[in-house]
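# Summary of structural features
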Amino acid sequence: MFKKIFPVIITLFILSSCSSTEEENPVLKDSFDRKGMLTNIADNIIIPAYEDFSSKMALLKTEGNAFIDNPNIANLESLRNSWLTAYKSWQHIEMYNIGKANEILYKFHINIYPVTVTDIDDNIKNGSYDLNSANNHDAQGFPALDYLLFGLDNSDSKIIEKYTIDTNKENFKKYLYDVIAQMSSLTNIVVTDFKEQRNVFVNNTVNTLSGSVNQLVNDYIFYYEKGLRANKIGIPSGIFSSTPLPQKVEAFYNNTVSKELTLEALSAVQNLFEGKHFGKNTKGLGFNDYLITLNRNDLATSISNQFTIAKTAIEKLNNSFSIQINSDNVAMTKAYDELQKNVVLMKVDMIQTFNISVDYVDADGD
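Residues numbered from 1 in each chain as written. Predicted model: local features only at pLDDT ≥ 70, side-chain atom pairs only at ≥ 80, totals over all residues. Heavy atoms only, no water.

## A closer look at the overall build of the protein chain
When helices and strands are tallied, the protein chain shows 16 helices and zero strands. The principal-axis extents of the C-alpha atoms in the protein chain amount to approximately 90 × 50 × 40 Å. Per-residue burial for the protein chain yields a buried fraction of 48% across its 366 residues. When contacts within the protein chain are restricted to residue pairs at least 6 apart in sequence, those whose partners lie at least 24 apart make up 76%. Surface accessibility of the protein chain: about 16600 Å² in total, with carbon and sulfur atoms responsible for 51%. The centroid of the 33 positive side-chain charges in the protein chain is displaced by 3 Å from the centroid of its 44 negative side-chain charges. (Helix = DSSP H or I, 4+ residues; strand = E, 2+ residues; numbered from the N terminus. Buried < 20%, exposed > 50% of the residue type's maximum accessible area, 1.4 Å probe, protein only. Contact = heavy atoms within 4.5 Å. Areas by Shrake-Rupley, 256 points an atom, 1.4 Å probe, with all protein chains shown as cover. Lys, Arg positive; Asp, Glu negative; His and termini not counted. Charge placed at Lys NZ, Arg CZ, Asp CG, Glu CD.)

## Things to note about the pattern of salt bridges
Per the stated rule, a full pass over the model turns up 15 salt bridges. One salt bridge connects Arg198 with Asp43, and the closest N-O pair in it is separated by 2.7 Å. A residue pair is termed long-range when its members are at least 10 positions apart, and Arg198 in helix 10 (residues 198-203) and Asp43 in helix 2 (residues 34-69) qualify at 155 residues. Linking Lys232 and Glu250 is a salt bridge whose minimum nitrogen-to-oxygen distance equals 2.7 Å. Taken together, the residues span a long stretch of sequence, with Lys232 in helix 11 (residues 212-234) and Glu250 in the loop between helix 11 and helix 12 (258-273) at a distance of 18 residues. Across this residue pair, the class does not change: Lys232 and Glu250 are buried. Residues joined by salt bridges that share partners form a network here, namely Glu77, Arg80 and Asp156. (Salt bridge = Lys/Arg side-chain N within 4 Å of Asp/Glu carboxyl O.)

## Topic: the packing of aromatic side chains
Evaluated as defined, the whole model comprises 20 aromatic pairs. Each ring, one from Phe287 and one from Phe354, has its centre 6.3 Å from the other, and the planes form 65°; the classification is edge-to-face. You can see Phe287 sitting in helix 13 (residues 287-293) and its partner Phe354 sitting in the segment after helix 16 (329-353), a full 67 residues away along the chain. (Phe/Tyr/Trp six-rings, centres within 6.5 Å; stacked < 30°, edge-to-face > 60°.)

## Description of the packing of helix 6 (residues 117-126) against helix 7 (residues 141-151)
The relative placement of two packed helices is expressed as an angle between their axes plus a distance between the axes. Taken N-terminus to C-terminus, the directions of helix 6 and helix 7 make an angle of 70°; their axes are 11 Å apart at the nearest point. The angle between helix 6 and helix 7 places the two elements in the roughly perpendicular class. Across the interface between the two elements, Val117, Ile120, Asp121 and Ile124 of helix 6 pack against Ala144, Tyr147 and Leu148 of helix 7. Considering only residue class, the contact of helix 6 with helix 7 consists of six nonpolar, no polar and one charged. (Axes fitted to C-alpha atoms, helices over the stretch in contact; angles between N-to-C directions. Parallel < 35°, antiparallel > 145°, perpendicular 65-115°, else oblique. Nonpolar A, V, L, I, M, F, W, Y, C, P; charged D, E, K, R; others polar.)

## Here we look at the side chain of Lys162
Tracing the backbone shows Lys162 in helix 8 (residues 156-164). Notably, Lys162 is buried but unbridged: the nearest opposite-charge side chain belongs to Asp166, and the N-O separation is 4.1 Å.

This is the structure:
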């Protein structure tokens, strides 16, 4: 009996020791230059995108102060323009849930939509609120500005009156100021932290759950699947509900830029996949190069091609997704289907090729 059990015990001990040793001292099982890819992504994509967003936030803050000091149509239009410019820039950094961004739940303060209008209205009416509270995640950021600049009434003159003659005019101005100040402050924290941690990020090439490549790939796929595919198109078009929900599109109150924001986000994820430098045509090492090194040129090509096909499907939609949903929701669901095809290619095929484990729980059954 003992003779039969002893070899099993020894085998289990050896396997356990190997597993523990590998976790503590992980060995890369491929020759790809992970550090080179992380360096390109940090220096040529993430940091330039963060700096661009910081400059757009600074302009948004300046235009916000000008409007608060002198609420008129001209200043409202300038503030709206800076809102859209910053919102488009945001699409290039929302996927980076790294370091301080993850710690302070940055994206929850910047882009949770749809907003809860009653929360915003109550905050303004009461004049007292805590924008650091999770209860106010859906009452701040770009979606809150969307409501404050476009949705307070049905005409620009009526919106201006909220800030000029309304009995709560000072509270309206204070809330607008506080929302922008919160976004600006958190942005400074996140950008400063990433720059300070840049060397740690590019040197952390281990193939474990805490490795930079592993975390980045997981954050990237999670954002593509949930932040882009589901939030921007799937949920509003009713993929996850019994009926379409057009009121849940991004920038609902502006109602003309939901397609523009989605195309910007799609461009951002394709650029990262292909290692394309932010704002330039130059390319460095990206996820596609990693796949090619691992003899999966076919998969790299399929993913890039599918990004292009999805972009074409989205470009056919109305500038306003809520109008598109109400007039022809089939076109919306077709665009969703094209985005979904890359979820499979990346979440299954790409991540298996990289030998990386998915570190998040799928909540919508895909």
